[in-house]
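# Coordinate inspection notes
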Amino acid sequence: SSSGSQKQAMGTMEAEKKVILVTGGSGLLGKAIQKVIQNDKCEREEWIFLSSKDANLLDTNATFAVFEKYQPTHVIHLAALVGGLYAHIGHNCDFFRDNMSMNDNILEASHKLKVKKLVSCLSTCIFPDKTTYPIDETMVHNGPPHHTNFGYSYAKRMMDVLNKAYNEEHGCMFTSVVPCNIFGPHDNFNVSQGHVIPGLINKAYEAKKNGKPFEIWGTGRALRQFIYSEDLAKLFIWTMREYEEIDPIILAPDETDEVAIKDVASMILDAFDFKGEVKYQTDRPDGQLVKTASNAKLRRYLPQFQFTSTRRAIRDTVEWYIDNYENARK
């Protein structure tokens, strides 16, 4: 009967509805996904962005309760306990245990509540300290990570191990992405806790405001790959919808887009129209001079994807910081 076939069609429509739960939904990347999804809405998708206020993901019962509440079909796991270089030194045990607990809670809740797909966020700091460049996805476990943040790095690596284990034992579609250095609006602009670009933006703002020199640690010659949070958000949404491998995928711009820290600094100073003195504190360490990651796998899937130029993305981030100075994390 026609009503029967209508019911069936309704059933498949219902079945295809996705409820996508995003942990760490109020952070740098969560905010970017919220913004991008406004312009890329699928009517069969319901997006839920969790912040740390909604559930303590270190607590197993709280994690299961939030999964029971929203019944997600898909999960994007961005939440992590993070910090820049100086936050990690001396806290490797805490970083390891807390990130392991949180990740275990998220993966086990996703398994038990039959989540169809989980995409977790790793980091390029997980790669071996001694390695050849460019780094690719096959090299994650090829040697110890850098000693300064080994607790965090090993906890992130274990996510890849668990993804494979859950797939092998339970048939779960759990995967991960490995972004390079992320920056953009809603970042943490704290100089000691944050990362390179937000830290330099904070320093430039204060130097200009106070008529002081702008100081850069090291020589500024270290090369880095940076990805604008909105570009990464688009790629995360693509991964959630389209990427079907358990193995991780590196999300980074092309190797030709690598920039020296001193060039990043000058883009930031241009965005602020800073005319003061620039000082290089050459007695400070540069960190690793290169950390190039290969995006060859991403390019096989998305040869046409256009990344925002670093200069333009920095300008947009500086404008956001100036407009939101009072409320920005710093």
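Below: a short report on this structure. (Residues numbered from 1 in each chain as written. Predicted model: local features only at pLDDT ≥ 70, side-chain atom pairs only at ≥ 80, totals over all residues. Heavy atoms only, no water.)

## Details of helix 3 (residues 60-70)
Along an α-helix, residues three or four apart share an orientation, since each turn contains 3.6 residues. Taken together, the buried positions of helix 3 are occupied by T63, V66 and F67. For helix 3, the arc enclosing every buried residue in end-on projection is 100°, short of the 170-degree limit, so these residues lie on one face. Opposite the buried face of helix 3, at more than 90 degrees from it, the exposed residues are N61 and K69. Here the buried face of helix 3 lies against strand 1 (18-23), strand 3 (74-77) and helix 5 (92-112). (Buried < 20%, exposed > 50% of the residue type's maximum accessible area, 1.4 Å probe, protein only. Helix = DSSP H or I, 4+ residues; strand = E, 2+ residues; numbered from the N terminus. Arc of directions from axis to C-beta. Contact = heavy atoms within 4.5 Å.)

## A closer look at the pattern of salt bridges
Per the counting criterion, the structure on display carries 15 salt bridges. In this structure, K130 and D129 form a salt bridge, with 3.7 Å as the shortest nitrogen-oxygen distance. One salt bridge connects K164 with D160, and the closest N-O pair in it is separated by 2.8 Å. Of this pair, K164 and D160 both sit in helix 6 (residues 150-170), 4 residues apart, which is roughly one turn of the helix. (Salt bridge = Lys/Arg side-chain N within 4 Å of Asp/Glu carboxyl O.)

## Quick word on the packing of aromatic side chains
According to the stated counting rule, one finds 16 aromatic pairs in the structure shown. Where F305 meets F307, the ring centres are 4.9 Å apart and the plane angle is 75°; that geometry is what we call edge-to-face. On the basis of relative accessibility, which here comes to 18%, the residue F305 falls in the buried class. Residue classification places F307 among the buried residues on the basis of a relative accessible area of 18%. By way of ring pairs, the aromatic residues F189, Y205, F272, W320, Y321 and Y325 are connected into one cluster. One residue, R284, lies across the ring of W217, its end atom 3.8 Å from the ring centre. Taking NZ or CZ as reference, K330 lies 4.2 Å from the ring centre of Y325, over its face. (Phe/Tyr/Trp six-rings, centres within 6.5 Å; stacked < 30°, edge-to-face > 60°. Lys NZ or Arg CZ within 6 Å of the ring centre and 35° of its normal.)

## Section: the nonpolar core
Membership of the largest hydrophobic core comes to 59 residues, with the highest contact counts inside it found for W47, F67 and F236. Counting residues per element, this core draws most heavily on helix 8 (residues 229-242), which supplies 7 residues. Excluding residues within four positions of it along the chain, W47 makes contact with I20, V22, I33, I37, I76, I237 and M240. Membership of the second largest hydrophobic core comes to 29 residues, among which are F189, A222, V259 and F272. (Core = buried A, V, L, I, M, F, W, Y, C linked by side-chain atoms within 4.5 Å.)

## Things to note about the pairing of strand 4 (residues 117-121)
The buried count for strand 4 comes to 5 of 5 residues, which makes it a mostly enclosed element. A two-sided burial pattern is seen for strand 4, the buried positions comprising K117, V119 and C121 on one face and L118 and S120 on the other. In the sheet, strand 3 pairs with strand 4 via 4 bridges, with the strands oriented parallel. By the bridge assignment, I76 is partnered in strand 4 with V119. As a crossover connection, the stretch from strand 4 through helix 6 into strand 5 (residues 174-179) is right-handed. (Pairing = 2+ DSSP bridges. Right-handed = clockwise from strand over helix to strand, strands pointing away.)

## Section: the side chain of S229
In this structure, S229 sits in helix 8. Residues in contact with S229, not counting those within four places in the same chain, are L28, L29, A32, I182, F183, G184 and P185.

## Re the packing of helix 7 (residues 196-210) against helix 9 (residues 261-272)
Axis separation between helix 7 and helix 9 bottoms out at 10 Å; the angle between their running directions is 45°. On the basis of the axis angle, helix 7 is oblique to helix 9. For the crossing formed where helix 7 meets helix 9, the hand is right-handed. Judged by residue contacts, V196, I197, L200, I201, A204, Y205 and K208 of helix 7 engage I261, V264, A265, I268, L269 and F272 from helix 9. A class-by-class count of the residues in the contact of helix 7 with helix 9 yields 12 nonpolar, no polar and 1 charged. (Axes fitted to C-alpha atoms, helices over the stretch in contact; angles between N-to-C directions. Parallel < 35°, antiparallel > 145°, perpendicular 65-115°, else oblique. Left-handed = near helix turned anticlockwise from the far one by under 90°. Nonpolar A, V, L, I, M, F, W, Y, C, P; charged D, E, K, R; others polar.)

## Looking at unusual backbone geometry
Omega for the peptide link from Y133 to P134 comes to 0°, which places this bond in the cis form. Considering the arrangement of structural elements, one finds P134 in the loop between strand 4 and helix 6. One non-glycine residue, K114, adopts positive backbone phi at about 55°. You can see K114 is positioned in the loop between helix 5 and strand 4. Since its relative accessible area comes to 70%, K114 is described here as exposed. Residues other than glycine seldom take positive phi values, yet D273 does so here, at roughly 55°. By the secondary structure assignment, D273 is in the loop between helix 9 and strand 12 (278-281).

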